[in-house]
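Overview (structure and organization)
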Amino acid sequence: VAIAVTRERREGETRCAVTPETVKKLIALGASVTVEAGTGVGAAIPDSEYTDAGASVKPDTRAVLEGADLVLKVRGPTAQEVSAMKPGAVVVAMLDAYREKDTVAAMAGANVTAFAMEFVPRITRAQVMDALSSQANLAGYRAVIEGAYAYGKGFPMMMTAAGTVAPAKVFIMGVGVAGLQAIATARRLGAVVTATDVRPATKEQVESLGAKFLAVEDDEFRNAQTAGGYAKPMSEEYQAKQAALTGEHIKKQDIVITTALIPGRAAPVLVSAEQVASMKPGSVLIDLAVEAGGNVAGSKAGEVVTTANGVSIVGYTNLPGRIASDASALYAKNLVAFTGLLIKDGALAVDLEDEILKASVVTHGGAVVHEGVRG
Ligand code: NAD
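Bear in mind the structure is a predicted one, so any value in this text is a computation, not a measurement.

Every buried residue of helix H5 (residues 101-109) is accounted for by Thr-103, Val-104, Met-107 and Ala-108. One side of H5 carries all its buried residues, which in axial view fall inside an arc of 135°. Exposed positions of H5 whose direction lies more than 90 degrees from the buried face are Asp-102 and Gly-109. Structurally, H5 contributes buried residues whose contacts are with helix H4 (79-83), strand E5 (90-94), strand E6 (113-116), strand E18 (361-364), strand E19 (367-368) and helix H14 (371-374). The first or second residue beyond H5 is Asn-111, which carries a positive phi of 60°.

Let's shift gears to the packing of helix H6 (residues 131-150) against helix H12 (residues 324-342). For the pair H6 and H12, interaxial distance at closest approach is 9 Å and the crossing angle is 170°. Accordingly, the angle class assigned to the pair H6 and H12 is roughly antiparallel. The handedness of the crossing between H6 and H12 is right-handed. For the pair H6 and H12, contact is made by Ala-131, Ser-134, Gln-135 and Leu-138 and by Asp-326, Ala-327, Leu-330, Tyr-331 and Asn-334, respectively. Of the residues contributing to the contact of H6 with H12, the split by class is five nonpolar, three polar and one charged.

This next bit is on the site of the ligand. Around the ligand there are 20 residues in total, and Arg-122, Ser-133, Val-177, Asp-197 and Arg-199 lie nearest to it. Measuring from an oxygen atom of the ligand, one finds a side-chain N or O atom of Arg-122 at 2.5 Å. Across the complex, the protein chains shield 82% of the 850 Å² of accessible surface that the ligand would expose by itself. Its residues assigned to classes, the shell around the ligand comprises 10 nonpolar, six polar and four charged.

Quick look at the pattern of salt bridges now. A full pass over the atoms with the stated rule returns 22 salt bridges. Between Arg-9 and Glu-81 there is a salt bridge, with its nearest N and O atoms 3.1 Å apart. Taken together, the residues span a long stretch of sequence, with Arg-9 in the loop between strand E1 (2-5) and helix H1 (20-28) and Glu-81 in helix H4 at a distance of 72 residues. For Glu-81, a relative accessible area of 3% corresponds to the buried category.

Thresholds applied
- Residues numbered from 1 in each chain as written.
- Predicted model: local features only at pLDDT ≥ 70, side-chain atom pairs only at ≥ 80, totals over all residues.
- Heavy atoms only, no water.
- Buried < 20%, exposed > 50% of the residue type's maximum accessible area, 1.4 Å probe, protein only.
- Helix = DSSP H or I, 4+ residues; strand = E, 2+ residues; numbered from the N terminus.
- Arc of directions from axis to C-beta.
- Contact = heavy atoms within 4.5 Å.
- Axes fitted to C-alpha atoms, helices over the stretch in contact; angles between N-to-C directions.
- Parallel < 35°, antiparallel > 145°, perpendicular 65-115°, else oblique.
- Left-handed = near helix turned anticlockwise from the far one by under 90°.
- Nonpolar A, V, L, I, M, F, W, Y, C, P; charged D, E, K, R; others polar.
- Near = heavy atom within 4 Å.
- Polar contact = N/O pair within 3.5 Å; in protein donor to acceptor, adjacent residues only side chain to side chain.
- Areas by Shrake-Rupley, 256 points an atom, 1.4 Å probe, with all protein chains shown as cover.
- Salt bridge = Lys/Arg side-chain N within 4 Å of Asp/Glu carboxyl O.

If you want it as structure tokens, here you go:
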């Protein structure tokens, strides 16, 4: 099986889809690996390390893709990359397939079989290939680091001869994979941490990390989790009650990190413009849901907005890309596990009846086969 990895071409994408460690693992599966020169630059991996691991490094994109059976990427390929692939080639990437319709159409048109890592189901067998979780965990960590950087004061309490520095108050809204890591990271830095979520199961998780849980705990809250473990959209009435409770709290916070998402829908607005205006000058909001519409009124994708009252709203996209070495290492391992499903006895063998492949295949046989993406 000829595996190809090209440089990421999306703006600001610093991660890469293979590391020297995973090149070795892919070769052990019976594959040969060709990597485009410069693939690892953003993750501090020089070409020579890929060569040492057994990959062949080539400078020309077309030469890398030509004849490849399997193409591994972080983000979806460009139209130009797709045009260099042979019919029947398989692509695996975080395609962002609901939004990247043109890329999906190009792959279907070129008779390329594409799998979206974001559609890997969250079943036990697929945990090792759960890229959403591996990346969200790092995003949660990095959100706290970005918050600490934008905040003009310290996180821990410091008692010094010159006086005492008060600990920062950090509020995490949305306690999924990213939120839990944000709580843990803020606690490690010494902040006083509170958190909220609409799923009742999160209360115990928040408390076990040494943070305080804050939410309107009524009957609707007690039933707010789907069988798949995701949040349900909440009623307007609940949202109003919750906003009244969190509004009082937000006023007193130094850092607010929002991570609330509902699969397939726009992100809920959890911090209104009035609430942003109620915060102290120098406070910082970090909106991890900015690309899904945003949890914070006034957040802008890719920007740090400073409001009239001196509050910063950090809207960086791709936080995992700001910790590219670790993000690449973990994502590359997710890909090795996924590739293990595609290679049997050293040959490419795609069984679309496999539960994981069935859920994540987007294009096959010249058509868009994923129902949600086809629309
Ligand atoms: P997510 O990214 O979909 O959402 C982030 C958080 O936002 C969730 O906790 C959600 O409940 C919360 N949220 C949504 N609307 C909200 C609102 N109005 N107010 C406050 N919070 C709101 O979540 P995720 O990180 O993908 O995790 C979702 C679930 O999947 C969790 O239960 C997690 O433990 C589970 N999970 C399971 C596996 C597995 O079994 N393999 C892997 C990863 C995650």
